[in-house]
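Survey of secondary and tertiary structure
Residue strings, one per chain:
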Amino acid sequence: MTTTPAEQVAEGQEPGGVAGAVHAYVDRLRGGDLGSLPAMLGLAALVLLFGSLEGDRFLSSFNFANLVGQSAMVIVIAMGLIFVLLLGEIDLAAGFTAGMCAAVLGVTMTEHGWPLALGLGACLLTGVVVGLAQGVLVANLGIPSFVVTLATFLAFQGVLLLIIGDGGTIGIRDETILAIQNDNLPVWGGWLLALVVVGGYALLTLMRRRGRAAAGLATEAFTVWLAKTGLLAVVILAVTYFLNEERSRRPEITSIKGIPYVLPLILVLFVGLTFLLTRTNFGRHVYAVGGNAEAARRAGISVVRVKIICFVLCSTLAAVAGILFASRDNSVSPTTGGTLTLLLAVGAAVIGGTSLFGGKGRIVDAITGGLVVGVILNGLPLLTQEAGIQFAVTGAVLLIAASVDALSRRRSVSG
Amino acid sequence: MSEPDASAATAGGDTPLLELRGIHKSFGAVEVLRGVDLKVRSGRVTALVGDNGAGKSTLIKGVAGIHNFDAGEYLYEGVPVEVHDPKAANALGIEVVYQDLALCNNLDVVHNMFLGREVMKGITLNEDVMEARARKTLDGLAVRTLRSVRQPVASLSGGQRQTVAIARAVLWNSKLVILDEPTAALGVAQTEQVLRLVRQLADNGLGVILISHNLGDVMQVADDIAVLYLGQLAAQVDTKDVQRNQVVELITAGRSGDIGLSPAMAEVAL
């Protein structure tokens, strides 16, 4: 085995400052660890492409807010899928789980008049039960997850039809549910949120540096911290500014501005799930089971328990996505969570950098990959109304992402 | 046998760290171990050698609690103990490093060393303490081949992986480390690295059982050699007292000159 450049940097004297950090990053890329780079490059390329061809429409703040709402479901489902993908498993039913849970929400609240909390509880509980059942079938019985969830994919599609009945759709009238995807934070609320996010990040990372320094461990250079925090601040503030612009076509009649409520929701999920995956022993065990299940078992980790919890998380997050579907469409129909939803969510995770082979992935992948998928879905119809082209292009992007995953894996194995 | 005393735990004490007497183990009609005696002392590397089927693995799995012995005495620090499962062995301070190492390639060195026994601070992982302890353990083993404990195991060489697996075994104040063919898949330089580490373990006061087919390694690093021959202990001799060809004879015939099984015993064994 040859020594990779990344290893040499890690072993040798750490070159200080931003230049050193950039150097180490480049070496990591060459070692096959691409991280978010393909998704970021793809996103930049797509924005440039659509921006130059259809700048007026694509780059408007109206369309940007629309993009956030469109991508939200795919992002949340992808967040759940990442737990399952980390194990080297798959959940093909996540899309229809979302649809089924949305239908439960619609039936209980609209048809039976349950209060919001009960309706949401029933919706999420459906997700938990689905995940529990799938997890037990996979982990305890040892049925391949591909088979289990292919079966439930078909079954849930049927259940969704049965719940909704022949009527076709169930309307959603609860204002809180509708607000998630159709209402915005006040402008001052948006700025406050931006400040809290940037300030929180700066404070947490600074405290972590202090802690490591106090323990006598290597810390990243202060300039690197400054650069990272600065970059984050620029991005967050730019997004906030853009979304706080007036985006109504008739501002004198209705004013639409501010950050859509769904954005902070995604932010909370992102922070919470990232914490779970990177800072708790459960998260560590998820990576261990995905990397080498036998090693995890010998280390005393209950592989069965870890697997079941991951499936429960995946289906529960799908239920959350179901709520977002209901909010965005103002209704639940037999195709809610169907058609391309699941494929796009898997694609988002993989494009973001999560491996289909297990053991590698982060929650942020769902967001970066979900935005790439969202931009394609959002931008393509501006260029062509031809559904055939849209399908083909989306498929090609998925295939490219899977290839990058397979190639980078080969590279890091041989490296 | 003298009473166990405090000095026994340190190098060269009178009471062996591990003593097996008259161990028997059968699988169905096959008698794999037929009255094996073995002594392992702290601060010494005891090589366990023998041809395929001599019973090395069975003996080790019994010590580690994976199999139960049918008959015989299992004394640990001079006290008879019952070791019915791997957890009981771990609790006594016995750790086994298996040939396939059981590391997670996608996790870094610290994560692997603490896998399943993470140090927590509330509900979060205490990364700082784990990293510092991993470093300390590696430094204590004089490991200089591994400069960053935050690199993923996937990027390590075979020798470095073996190092991590061994370091994990000693992290928990273990007293007896059993190494199953640690150099089997390694090149010359890396074998040298790992053998130095094995020596270091014993020099740090641990008892070490080294299973190996490579007599060169054994003669280089072991303090004494226990030779298993068809389920019996042919001899346990100090390395300095024997020649390589005598060990070979012990492995293949059960006796060599006046050491080893009596001619009659060796014949019966066949």
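As shown above, the structure is provided for reference.
Here's what I pulled together on the structure shown here. Being a predicted model, the structure only gives us computed values, none of them experimental.

1. Here we look at the sheet that holds strand E1 (residues 18-27) of chain B
Residues and elements named next belong to chain B. Read across the sheet, 4 strands follow the order E2-E1-E4-E5 without closing on themselves; strand pairing throughout is antiparallel. Only two strands of the sheet have a single neighbouring strand rather than two, namely strand E2 (30-40) and strand E5 (79-80). Of the pairings in the sheet, the one linking strand E4 (residues 71-76) to E5 comprises 2 bridges and is antiparallel in character. Residue pairing across strands places Leu75 opposite Pro80, the latter belonging to E5. Sheet contacts for helix H1 (residues 56-63): E1, E2 and E4; angle to E1, the most-contacted strand, approximately 115 degrees.

2. Some details on the interface of chain B and chain A
Opposite the 29 residues of chain B that make contact, chain A presents 25 residues. Across the interface of chain B and chain A, roughly 2,300 Å² is buried in total on both sides, 56% from carbon and sulfur atoms. When the buried area of chain B at its contact with chain A is split by residue, Asn106, Leu125 and Asp128 of chain B rank highest and sum to 20% of it. Along the contact surface separating chain B from chain A lie 3 salt bridges. Between Glu131 of chain B and Arg212 of chain A there is a salt bridge; the shortest N-O distance is 3.1 Å. If you list the elements that add at least two residues to the side of chain B that touches chain A, you get strand E8 (124-125), helix H4 (127-140) and helix H5 (158-170) of chain B. The greatest single-element share of the side of chain B that touches chain A, amounting to 4 residues, is contributed by H4 of chain B. Considered class by class, the residues forming the side of chain B that touches chain A number 12 nonpolar, 10 polar and 7 charged.

3. Concerning the pattern of salt bridges
Across all of its chains, the model carries 22 salt bridges over all chains by this definition. Salt-bridge contacts for Arg362 of chain A lead to Asp365 of chain A; the nearest nitrogen and oxygen are separated by 3.5 Å. Accessibility expressed as a relative area gives 2% for Asp365 of chain A, which makes it buried. A salt bridge links Asp203 of chain B to Arg199 of chain B, with the nearest nitrogen and oxygen atoms 3.3 Å apart. Remark: Arg199 of chain B and Asp203 of chain B occur in helix H6 (residues 188-203); sequence separation between them is 4 residues, near one turn of the helix. For Asp203 of chain B, a relative accessible area of 52% translates into the label exposed. The exposure class assigned to Arg199 of chain B is partly exposed, which follows from its relative accessible area of 23%. Salt bridges here are not isolated pairs; linked through shared partners, they connect Arg212 and Arg284 of chain A together with Asp108, Glu127, Asp128, Glu131 and Arg150 of chain B.

4. Concerning the side chain of Asp217 of chain B
All names here are of chain B. Structurally, the position occupied by Asp217 is in helix H7 (residues 215-221). Look at Asp217: it is buried, it has no salt bridge, and the nearest opposite charge is Arg244 at 8.2 Å. Within the structure, Asp217 has its side chain in polar contact with the side chain of Thr183 (distance 2.7 Å). Those residues in contact with Asp217 that sit more than four places away from it in its chain are Thr183, Thr191, Leu195, Ser212 and Ala222.

5. Notes on the layout of surface pockets
There is about 730 Å³ of room inside the second largest pocket. Along the walls of the second largest pocket sit 24 residues, with Arg298 and Ala299 of chain A together with Asn90, Glu95 and Tyr98 of chain B positioned nearest its centre.

What counts, and at which threshold
- Residues numbered from 1 in each chain as written.
- Chains lettered and ligands numbered in written order.
- Predicted model: local features only at pLDDT ≥ 70, side-chain atom pairs only at ≥ 80, totals over all residues.
- Heavy atoms only, no water.
- Pairing = 2+ DSSP bridges.
- Helix = DSSP H or I, 4+ residues; strand = E, 2+ residues; numbered from the N terminus.
- Contact = heavy atoms within 4.5 Å.
- Axes fitted to C-alpha atoms, helices over the stretch in contact; angles between N-to-C directions.
- Buried area = accessible area lost by both parts, 1.4 Å probe.
- Salt bridge = Lys/Arg side-chain N within 4 Å of Asp/Glu carboxyl O.
- Nonpolar A, V, L, I, M, F, W, Y, C, P; charged D, E, K, R; others polar.
- Buried < 20%, exposed > 50% of the residue type's maximum accessible area, 1.4 Å probe, protein only.
- Lys, Arg positive; Asp, Glu negative; His and termini not counted.
- Polar contact = N/O pair within 3.5 Å; in protein donor to acceptor, adjacent residues only side chain to side chain.
- 1 Å grid on protein atoms, 1.4 Å probe; cavity = no way out; pocket = protein on both sides within 12 Å on 5 of 7 lines; lining within 4 Å.
- Points joined across faces, edges and corners; volume = space filled by probe spheres on them.

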